[in-house]
Amino acid sequence: MSNDFKGSEMVKMFYEVVELTVSPQGVYPQVGVARINGETQLWALALQPEQVIQHVRAVMAAENVEELVFGLDRYTKPGQGTEFADVVTFLWWDGQEWTPGVIDYQHEPRIVRPI
């Protein structure tokens, strides 16, 4: 992962889970990793993108979230600056601010790269 993520183990764990879950259908369920009240949680969210965002907002409002990263499996159009048509866009909460990121991937042959 790039230096933009300050060596976050949470982002590294998220990337590794995404890498493991790439399938011919994409990355589904949607993936999330959070540290809440000192405990690490791994989320597999079988939800639509807007429902994933609602879930994250509810957790952020109700819990003591120390760090969180979640992603949405997306596709791109030609000319959008990605190597492959499939990407996972993600947001990382470091406890103070949100940082966006993108993971570019294809299933066969399996290639997974942060942008």
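No experiment lies behind these values; they were computed from the predicted model shown.

Rules behind the numbers
Residues numbered from 1 in each chain as written. Predicted model: local features only at pLDDT ≥ 70, side-chain atom pairs only at ≥ 80, totals over all residues. Heavy atoms only, no water. Salt bridge = Lys/Arg side-chain N within 4 Å of Asp/Glu carboxyl O. Helix = DSSP H or I, 4+ residues; strand = E, 2+ residues; numbered from the N terminus. Buried < 20%, exposed > 50% of the residue type's maximum accessible area, 1.4 Å probe, protein only. Expected span 1.5 Å × (residues − 1). Arc of directions from axis to C-beta. Contact = heavy atoms within 4.5 Å. Phe/Tyr/Trp six-rings, centres within 6.5 Å; stacked < 30°, edge-to-face > 60°. Core = buried A, V, L, I, M, F, W, Y, C linked by side-chain atoms within 4.5 Å.

A. Spotlight on the pattern of salt bridges. With the rule as written, the count across this model stands at three salt bridges. Where Glu67 meets Arg35, a salt bridge forms, and the shortest distance between an N and an O atom there is 2.9 Å. You can see Glu67 sitting in strand S5 (residues 65-75) and its partner Arg35 sitting in strand S3 (residues 30-36), a full 32 residues away along the chain. Looking at Glu67, the relative accessible area reads 9%, which means it is buried. The partner of Glu83 in a salt bridge is Arg113, and the shortest N-O contact between them spans 2.4 Å. Placement of Glu83 in the loop between S5 and strand S6 (86-93) and of Arg113 in strand S8 (residues 111-114) is noted, with a sequence separation of 30 residues between them. Among the charged side chains, a network of salt bridges with common partners joins Arg35, Glu66 and Glu67.

B. Layout of helix H2 (residues 49-62). A rise of 1.5 Å per residue sets the reference length of H2, with its 14 residues, at 20 Å; its end C-alpha atoms lie 20 Å apart and thus fit the reference within 8%. Those residues of H2 lying buried are Pro49, Val52, Val56 and Val59. Looking down the long axis of H2, one finds its buried residues gathered within 85° of arc, a one-sided arrangement. Facing away from the buried side of H2 by over 90 degrees, the exposed positions are Gln54, Arg57, Ala61 and Ala62. In this structure, the buried residues of H2 make contact with S3, strand S4 (39-45), S5 and strand S7 (98-106).

C. Structural context of the packing of aromatic side chains. Overall, the coordinates contain three aromatic pairs when judged by the stated rule. Arranged with centres 5.3 Å apart and planes meeting at 50°, the rings of Phe14 and Phe90 form a pair that is tilted. One end of the pair, Phe14, is in helix H1 (residues 9-21); the other, Phe90, is in strand S6, and 76 residues separate them in sequence. For Phe90, a relative accessible area of 3% gives the class buried. Plain terms: the ring middles of Phe70 and Trp98 are 6.2 Å apart, the flat faces sit at 90° to each other, and that makes the pair edge-to-face. Of this pair, Phe70 sits in strand S5 while Trp98 sits in strand S7, and the two are 28 residues apart along the sequence. An aromatic cluster is present here, built from Phe70, Trp93 and Trp98 joined pairwise through their rings.

D. Local environment of the nonpolar core. Grouped together as the largest cluster of nonpolar side chains are 18 residues, with contacts concentrated most on Phe14, Val27, Val69, Val88, Phe90 and Ile103. Counting residues per element, the ones that place at least two in this core are H1, S3, S6 and S7. Counting residues per element, this core draws most heavily on H1, at six residues. Leaving out residues up to four positions away in the same chain, Val27 has contacts with Val18, Thr21, Val22, Asp73, Val88 and Tyr105. The next biggest cluster of nonpolar side chains, apart from the first, holds twelve residues, and it includes Ala34, Leu45, Val65 and Phe70.

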